[in-house]
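# An overview of the molecular structure
Chain by chain, the residues:
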Amino acid sequence: MNDSSWGAPQGAGYRGAPEMGAAPAGPAHDVHGAQQTRPMPIVPDLPDEGRDTDDLDGRNGDATHVGGPLFRDEKPQEPMSPPSPPPPPQKKRAGRDLRAAIGVGVGLGAVVIGSLFVVKAVFVGVVVVAVVVGLWELTSRLKERKGIDAPLVPLAVGGAAMVVAGYVRGAEGAWIAMALTALAVLVWRMAQPPENYLRDVTAGVFAVFYVPFLATFVSMMLTADDGAWRVLTFLLLTVVSDTGAYAVGWRFGRHKLAPRISPGKTREGLFGAVTFAMVAGALCMQFLIDGGSWWQGLLMGLAVAASATLGDLGESMIKRDLGIKDMGTLLPGHGGIMDRLDSLLPTAPIVWLLLVVFVGAG
């Protein structure tokens, strides 16, 4: 702040001191005139923080404030409006249409259970349909969002063959079908220009492993004498794990599990998934699986909760990379087929392996 801001003359010195080269005031100097022309003392600027409003006019303890603005270009401060009342707390809502989700889930469950316990071959057909539709959703989203042209025809034909081979010839048939499907993807893509060939066939081979190969373990479970009950145990544990994570996370979720990947998942939800799956696993192994024991079910439930959660996070990574919320819209309240297979696919080999270890191949 300088003197000119207070309206002091340009040639006036500090506290009436004579300027350089000016003659001192003589006897005829007017005392009253000197008092009128004496410049106002410089008031140092004070920092805003911690400054008391009572000191704005330089008088501590004086409640009298400056009547106008402190600076010429400063506008008078408008009176503060009273704070608005906080909005009423909103009721926590689920992130999807629960009625549609429950209705679709019940319908799918009826189809799966009916085909599983009536004719096993029909259930294998249901798995094939799910695999083909899942491949179509995955390749379509890759094409739309990233321009990746993973060939659908060899993927669909080879994926269906892998599921059937796993049911007819076991693990050996599944591996052979997978190798032939990957080779078919490489050859099929050669009919197009070579640009982005490596990118497209890499995505195709990834799709072969991610969807039909993992689904093959479901058909391999079905080949056991109690295959229908093994598949039912696998489905129940995965569904119960997802349901426990959703219910507990929606009601008690506070701490994010992986906010960069899936902001909706919480640690509390993971605890719910583990608890629900372990209880369901103990019951299923004790009462549904020949030769099974409840403690084996506890271990299986823990493994299922971990694999289902990782599978869900894995597909969430894919969807975040593609910039989409759901893989499809075929299932109201659920999204697409792949949005339901995300936790089932990586869980299938885990359950198949643990059942073989605990009670044998059957």
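Residues numbered from 1 in each chain as written. Predicted model: local features only at pLDDT ≥ 70, side-chain atom pairs only at ≥ 80, totals over all residues. Heavy atoms only, no water.

Let us look at the overall build of the protein. Within the protein, the regular secondary structure consists of ten helices and two strands. Listing each helix as α and each strand as β along the protein from the N terminus yields α-α-α-α-α-α-β-β-α-α-α-α. Among the 362 residues that make up the protein, the fraction classed as buried is 36%. Partitioning the intrachain contacts of the protein with sequence separation of at least 6 by distance along the chain shows that 70% fall at a separation of at least 24. Only carbon and sulfur atoms are counted for the fraction: they give 65% of the accessible area of the protein, which is about 21,700 Å². (Helix = DSSP H or I, 4+ residues; strand = E, 2+ residues; numbered from the N terminus. Buried < 20%, exposed > 50% of the residue type's maximum accessible area, 1.4 Å probe, protein only. Contact = heavy atoms within 4.5 Å. Areas by Shrake-Rupley, 256 points an atom, 1.4 Å probe, with all protein chains shown as cover.)

Throughout the structure, instances matching the rule amount to seven aromatic pairs. Ring geometry for Trp295 versus Phe358: centroids 6.0 Å apart, planes at 65°, classification edge-to-face. Here Trp295, found in helix H8 (residues 294-322), pairs with Phe358, found in helix H10 (residues 344-359); they are 63 residues apart in sequence, far enough to count as distant. Taken together, the ring pairs connect Trp175, Phe209, Phe213, Phe217 and Trp352 into an aromatic cluster. (Phe/Tyr/Trp six-rings, centres within 6.5 Å; stacked < 30°, edge-to-face > 60°.)

On the surface, Ile176, Leu180, Leu183, Leu186, Val187, Met190 and Val205 cluster together to form a nonpolar patch covering roughly 630 Å² of accessible area. Tallying contributions element by element places helix H4 (residues 152-189) first for the nonpolar patch, with five residues. Tracing the sequence through the fold places Met190 in the loop between H4 and helix H5 (197-222). On the basis of relative accessible area, Met190 is assigned to the exposed category, the value being 57%. (Patch = residues over 30% accessible without salt bridge, like charges linked within 9 Å, V, L, I, M, F, W, Y side chains within 5 Å. Salt bridge = Lys/Arg side-chain N within 4 Å of Asp/Glu carboxyl O.)

At a closest axis distance of 9 Å, the pairing of H4 and H5 adopts a crossing angle of 170°. In terms of orientation, H4 lies roughly antiparallel with respect to H5. Broken down by class, the residue content of the contact of H4 with H5 amounts to 21 nonpolar, seven polar and two charged. (Axes fitted to C-alpha atoms, helices over the stretch in contact; angles between N-to-C directions. Parallel < 35°, antiparallel > 145°, perpendicular 65-115°, else oblique. Nonpolar A, V, L, I, M, F, W, Y, C, P; charged D, E, K, R; others polar.)

What follows deals with H4. Helix length check: H4 (38 residues) gives 10 Å between terminal C-alpha atoms against 56 Å at 1.5 Å per residue, more than 12% under. Arg169 marks where H4 bends most, by close to 150°. (Expected span 1.5 Å × (residues − 1). Bend = angle between axes of the 7 residues up to and from the residue.)

The pLDDT averaged across the protein works out to 81; a share of 73% of its residues lies at or above 70. Predicted confidence for residues 1-40 stays below pLDDT 50, and this span has 24 contacts to residues more than four positions away or in other chains. Within the model, pLDDT remains below 50 along residues 46-74, and this stretch shows 20 contacts once partners closer than five positions in the same chain are excluded. (pLDDT = per-residue confidence, 0-100.)

Formed by 57 residues in total, the largest nonpolar core has its most connected members in Phe123, Val231 and Phe234. The element that contributes the greatest number of residues to this core is H5, accounting for 13 residues. Apart from residues no more than four positions distant in its own chain, Phe123 is found in contact with Val112, Ser115, Leu116, Val218, Leu222 and Val231. (Core = buried A, V, L, I, M, F, W, Y, C linked by side-chain atoms within 4.5 Å.)

Summarising the sheet, strand E1 (residues 256-258) and strand E2 (residues 262-266) pair through two bridges and their orientation is antiparallel. The residue bridging Lys256 from the neighbouring strand is Thr266, located in E2. Turn length for the E1-E2 hairpin, with the two strands adjacent in sequence and antiparallel, is three residues. (Pairing = 2+ DSSP bridges.)

This next bit is on the pattern of salt bridges. One pass over the structure, following the stated rule, counts nine salt bridges. The partner of Arg199 in a salt bridge is Asp200, and the shortest N-O contact between them spans 3.3 Å. Look at Asp200 and you get buried, because its relative accessible area is 2%. For Arg230, the salt bridge identified is with Asp226, shortest N-O distance 2.9 Å. Relative accessible area serves as the criterion here: at 8%, Asp226 is assigned to the buried category. Each member of the salt-bridge network shares a partner with another, and the members are Arg189, Arg199 and Asp200.

The next thing to look at is unusual backbone geometry. For Asn196, which is not a glycine, the phi torsion comes out positive at approximately 65°. Mapped onto the elements of the fold, Asn196 is located in the loop between H4 and H5. Exposure remark for Asn196: the relative accessible area of 45% places this residue in the partly exposed category.

So, about helix H7 (residues 267-287). Here H7 contains 21 residues, and its C-alpha end-to-end distance of 30 Å stays within 8% of the 30 Å for a straight helix at 1.5 Å per residue. Of all the positions in H7, only Glu268, Gly269, Gly272, Ala273, Ala277, Ala280, Gly281, Ala282, Cys284 and Met285 are classed as buried. Buried residues along H7 sit in contact with helix H6 (227-252), E2, H8 and H10.

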